[in-house]
Amino acid sequence: MERDQLISKFRKLGGVIDPNDYGFVFFYPPFTWLETLREPLTPAFFSRVEDQEAAIYVHIPFCYHECSYCYFTKFSRNIDKIKAGYITHLKEDLKLYAKFLSNKKIKAIYFGGGTPSILAIDEVRQIQLTINSLFDTNQLQEITFECSPETLLVQKESIDFYLNRLKDDIGVTRISLGVQSFNDDILESILGRKHSADQAKQGIGAIKKANFRTFNIDLMYGFPQKDFKSAKDALKADLEVLDSLKLPSITFYQLWGKKDRDVVLNKPIWQLEEYDRPKPEEIINFRQLILQSMNDSGYNQWMRDWFIKEEKDKLLYNTFLFNSRTVIGTGLSAYGYLNISGDNGYAYLNHSGLEEYYKLIDNEKLPLNKVGTLKGPNRQLRNLILGFKREDGVEIDKEWIDTCSGDKLEKLTKGGFINKSVMNNKILIKLTEKGRLFADEICRLFFEPLQS
Ligand SMILES: C[S@@+](CC[C@H](N)C(=O)[O-])C[C@H]1O[C@@H](n2cnc3c(N)ncnc32)[C@H](O)[C@@H]1O
Ligand code: SF4
């Protein structure tokens, strides 16, 4: 009953909990709002990037198979034929940025995908050496490398050898392993994964043994379900497994699939016979279960979906994303963000088709597809929206709040979803414990068309 009241209170404030159109908010403006880039960017533009520090994202668009729910850009066919050409272009992509941004101090690198662990060590080394030779990596603090259990387990030399080389030769400090669920039935029949729960545990064991500074596993919830009780039991069982594994960091993703993106390999995940999508009330119940269990197991909630044991388990790359700092996105479909002097933010999304990506790079042009400029107030709005996800909150100019989003913030504060504290002419805004249950939905409440 208490939960129903909370949901109804949130809805009265305009909040929408829609499992049909849920998106994990990590970027603003949403990609669908960006516009096609018309003029290539000039060196003068890049000379105005004001941040002295930056993070780099590197997209590796290869997987052994395509999971039925996944919205990332990836290929699962002819990988061996495509891989070498892709890496060559990726290195050129990095070079194009280095022409303008080689003086930035790179603090964090994130190899995401797709599945970076499909690469051989020599291929990873080539990319890392390219970055080291092009940018100032003297103050590099973190390299994250995404893996999937099945790609790790078939590494040519052995899983231990591969992980040790990543750590000792490449300098990887953090592994992120996609586990999704410890339930074999969910893994196989619903998600179309190509590994079992035991294989995921084997991967976790090897990652522990390799002794990285930290590592993370991704889990998902909110799957198509036969009934609420069995879905809840499955989540509880996953949480019990987690408790026994004693992991440093866990990320929970609510399964997302917009209708037009649901069909992957002709397998519509939300149309599985006898399965329904969870209702909003059930989703909130899942989030409460996760929160409770993670608290009981001694985790700190960091950024709503992330749970960590210690300070060292934080993802530095995330602080670039969620603090609106410069992120250089490279590779197919990668996104990036540049802070430009004169109070503008510049968000971009690369092409997701190989042909277009290669063509632009071969012509020495950045492979940007869509872009969005955030001027003055829009940049503040971006800070606010992404700042909602941060556990330390976000500081906003008092003057800006009064003119822009003050009313919504006031109502959320009165409703107990937000805490506001005034400090001189700044206001520190943080989600409350209640608010964190609705973090992405609160972010979405503040989405506003970009001003030109
Ligand atoms: C690039 S994948 C991780 C590495 C690797 N490819 C794997 O799947 O094991 C990043 C994560 O995004 C999450 N993800 C992918 N598709 C999703 C969806 N439709 N809804 C929610 N989370 C999703 C999964 O938890 C996945 O582990
Ligand atoms: S979830 Fe991971 S393994 Fe599955 S298709 Fe997406 S990127 Fe590939």
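Now for a quick tour of the structure. Remember, predicted model here, so these are calculated numbers, not experimental data.

Helices and strands together make up the secondary structure of the protein chain, namely 17 helices and 18 strands. On C-alpha atoms alone, the protein chain measures out to a radius of gyration of 22 Å, which is about the 22 Å that the 2.2 N^0.38 rule sets for 452 residues. Counting contacts in the protein chain only where the partners sit at least 6 residues apart, residues at least 24 apart contribute 76% of the total.

Next up on the list: the site of ligand 1. Near ligand 1 you find 18 residues, and of these S148, G178, D218, Y253 and W256 are the closest. Among the secondary structure elements, those contributing two or more residues to the shell around ligand 1 are β3 (105-113), β5 (174-180) and β6 (214-221). Partitioning the shell around ligand 1 into residue classes produces 9 nonpolar, 7 polar and 2 charged.

What follows covers the pairing of strand β17 (residues 418-423). Taken together, the 6 bridges between β17 and strand β18 (residues 426-431) define a ladder with antiparallel strand orientation. Bridge pairing links K420 to I429 in β18. The hairpin formed by β17 and β18 contains 2 residues between the paired strands, and N424 there has a positive phi angle of roughly 50°.

The next thing to look at is the pairing of strand β2 (residues 53-60). Taken residue by residue, a regular strand's side chains alternate between the two faces of the sheet. For β2, the tally of buried residues reaches 7 of 8 residues, placing the bulk of the element in the interior. The sheet contact formed by β2 and β3 spans 8 bridges and is parallel. The residue bridging H59 from the neighbouring strand is G112, located in β3. Crossover connection from β2 via helix α3 (residues 79-101) to parallel β3: handedness right-handed. Looking at chain direction, β2 and strand β12 (residues 327-330) are connected through 4 bridges and run parallel. In the sheet register, Y57 faces β12, and the bridge partner there is G329.

Here we take up the packing of α3 against helix α4 (residues 121-134). Where α3 contacts α4, the two axes come as close as 10 Å, and the packing angle between them is 15°. Here α4 runs roughly parallel to α3, going by the angle between their axes. Here α3 runs over α4; the crossing is right-handed. Contacts between α3 and α4 involve I87, L90, K91, L94, K95 and A98 from the former and E123, Q126, I127, T130, I131 and L134 from the latter.

Let us look at helix α6 (residues 159-170). Its 12 residues place the ends of α6 16 Å apart at the C-alpha level, agreeing with the 16 Å of an ideal helix rising 1.5 Å per residue. If you check which residues of α6 are buried, you get I159, Y162, L163 and L166. Axial view of α6: buried residues confined to an arc of 95°, hence all on one face. Away from its buried face, by an angle of more than 90 degrees, α6 presents the exposed residues D160 and D168. Where α6 is buried, its residues meet α4, β4 (142-147), α5 (149-153) and α8 (197-210). A positive backbone phi angle near 95° is found at G171, which sits one or two residues after α6.

Rules used throughout
- Residues numbered from 1 in each chain as written.
- Chains lettered and ligands numbered in written order.
- Predicted model: local features only at pLDDT ≥ 70, side-chain atom pairs only at ≥ 80, totals over all residues.
- Helix = DSSP H or I, 4+ residues; strand = E, 2+ residues; numbered from the N terminus.
- Rg over C-alpha atoms; globule rule 2.2 N^0.38 Å.
- Contact = placed C-beta atoms within 7 Å.
- Near = placed C-beta within 6 Å.
- Nonpolar A, V, L, I, M, F, W, Y, C, P; charged D, E, K, R; others polar.
- Pairing = 2+ DSSP bridges.
- Buried ≥ 20, exposed ≤ 12 C-beta atoms within 10 Å, placed from the backbone.
- Right-handed = clockwise from strand over helix to strand, strands pointing away.
- Axes fitted to C-alpha atoms, helices over the stretch in contact; angles between N-to-C directions.
- Parallel < 35°, antiparallel > 145°, perpendicular 65-115°, else oblique.
- Left-handed = near helix turned anticlockwise from the far one by under 90°.
- Expected span 1.5 Å × (residues − 1).
- Arc of directions from axis to C-beta.

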